[in-house]
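Next come the chains, spelled out residue by residue.
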Amino acid sequence: SIVRAASVAPMVTELSFRCGRCSTEVSQAAKDGRFEYPSACPRKCKFARFSVDKDKCKAIDWQRIRLQEDFSELSASEGPTRRVPRTLDCDLKRGLVGTCVPGDAVTLYGIIRYMPTAGALSNKGEGKQAASRALFVLYLEVKAVVNNRRALASASADRGGAD
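Residues numbered from 1 in each chain as written. Predicted model: local features only at pLDDT ≥ 70, side-chain atom pairs only at ≥ 80, totals over all residues. Heavy atoms only, no water.

J.: What's the story with the overall build of the protein in this structure? I'm lost.
T.: Scanning the protein for helices and strands turns up 3 helices and 8 strands. Seen in sequence order, the protein has helices and strands lined up from the N terminus as β-β-β-β-β-α-β-β-α-β-α. Within the protein, buried positions represent 24% of all 163 residues. At a minimum sequence separation of 6, the contacts of the protein that also span at least 24 residues come to 68%. Total accessible area on the protein is roughly 11600 Å²; 52% of this is exposed by carbon and sulfur atoms. (Helix = DSSP H or I, 4+ residues; strand = E, 2+ residues; numbered from the N terminus. Buried < 20%, exposed > 50% of the residue type's maximum accessible area, 1.4 Å probe, protein only. Contact = heavy atoms within 4.5 Å. Areas by Shrake-Rupley, 256 points an atom, 1.4 Å probe, with all protein chains shown as cover.)

J.: Hey, could you run me through the nonpolar core in this one?
T.: Side chains of a nonpolar character, in soluble globular proteins, are inclined to be buried together. If you look at the biggest cluster of nonpolar residues, it comprises 12 residues: Ile2, Ile65, Leu67, Cys90, Leu92, Leu96, Val97, Cys100, Val106, Leu108, Leu140 and Val142. Of all the secondary-structure elements, those providing two or more residues to this core are strand E5 (58-68), strand E6 (87-93), strand E7 (106-116) and strand E8 (136-147). Apart from residues no more than four positions distant in its own chain, Leu92 is found in contact with Asp61, Trp62, Gln63, Ile65, Val97, Thr99, Cys100, Val142 and Val145. Counting residues in hydrophobic clusters, the runner-up holds 8 residues, among them Phe17, Val26, Cys41 and Phe50. (Core = buried A, V, L, I, M, F, W, Y, C linked by side-chain atoms within 4.5 Å.)

J.: For this particular structure, what's the right way to read the pattern of salt bridges?
T.: Pairing between side chains becomes possible if they bear opposite charge and their charged atoms approach one another. In total, this model carries 9 salt bridges according to the counting rule given. Salt-bridge contacts for Arg64 lead to Asp91; the nearest nitrogen and oxygen are separated by 2.7 Å. Placement of the pair is Arg64 in strand E5 and Asp91 in strand E6, with a sequence separation of 27 residues. Under the relative-accessibility criterion, Asp91 is labelled buried at 5%. Of the charged contacts, one joins Glu69 and Arg86 as a salt bridge, the two residues approaching to 3.2 Å between their closest N and O atoms. (Salt bridge = Lys/Arg side-chain N within 4 Å of Asp/Glu carboxyl O.)

J.: I tried to follow the environment of Met11 on my own but got confused; where do I start?
T.: Topologically, Met11 is positioned in strand E2 (residues 9-19). Separated by 20 residues in the primary sequence, Met11 and Lys31 have C-alpha atoms spaced 9.7 Å apart. Ignoring any residue separated from it by four or fewer positions in sequence, one finds Met11 in contact with Asp32, Gly33, Lys58, Ala59, Ile60, Trp62 and Lys93.

J.: Would you take a moment to explain the packing of aromatic side chains for this structure?
T.: For any pair of aromatic rings, geometry is given as the distance between the ring centres together with the angle between the planes. Following the criterion strictly, the structure yields 4 aromatic pairs and no others. For the pair Phe17 and Phe35, a centre-to-centre distance of 6.1 Å together with 45° between the ring planes defines the contact as tilted. With Phe17 in strand E2 and Phe35 in the loop between strand E3 (25-29) and strand E4 (50-52), the pair connects residues that are 18 residues apart, well separated along the chain. Given the relative accessible area of 0%, Phe17 is considered buried. For the ring pair Phe35 and Tyr37, a centre distance of 5.9 Å and an interplane angle of 65° mean the geometry is edge-to-face. Through successive ring pairs, a cluster of aromatic residues spans Phe17, Phe35 and Tyr37. (Phe/Tyr/Trp six-rings, centres within 6.5 Å; stacked < 30°, edge-to-face > 60°.)

Here it is in structure tokens:
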């Protein structure tokens, strides 16, 4: 079930940069909202300062939710060990944004992706804890959502109206 849903935010898919010297425009795709400034002007003016032209950038709707194992499945499972339910962050994009809220029982279909953590990029001041930190965080890039709670509610409403 869903235990947390962040507010909807824009995710940049394409950026437009403008050279500070000759005003040449450079468009660049952003993968998963991440981008880098161009390293040099395409007109070879030997200038490397660019500004972002916000009016020409493109973005999509994006939302991060947190999925948690169902408690009923944990208690029904065999074995005496009790443990904390596992959670997984999931990214919803475009039309899937807003399809579920905290408390909904859902089935998600998607692709497991990874993202480097800050610890993987630098370990300044980490000391002994640096070795125990994860280098990557796994998340689910959601491709389809089946909202079981809303499906059950609409099915019971349909049966109630037919009787």
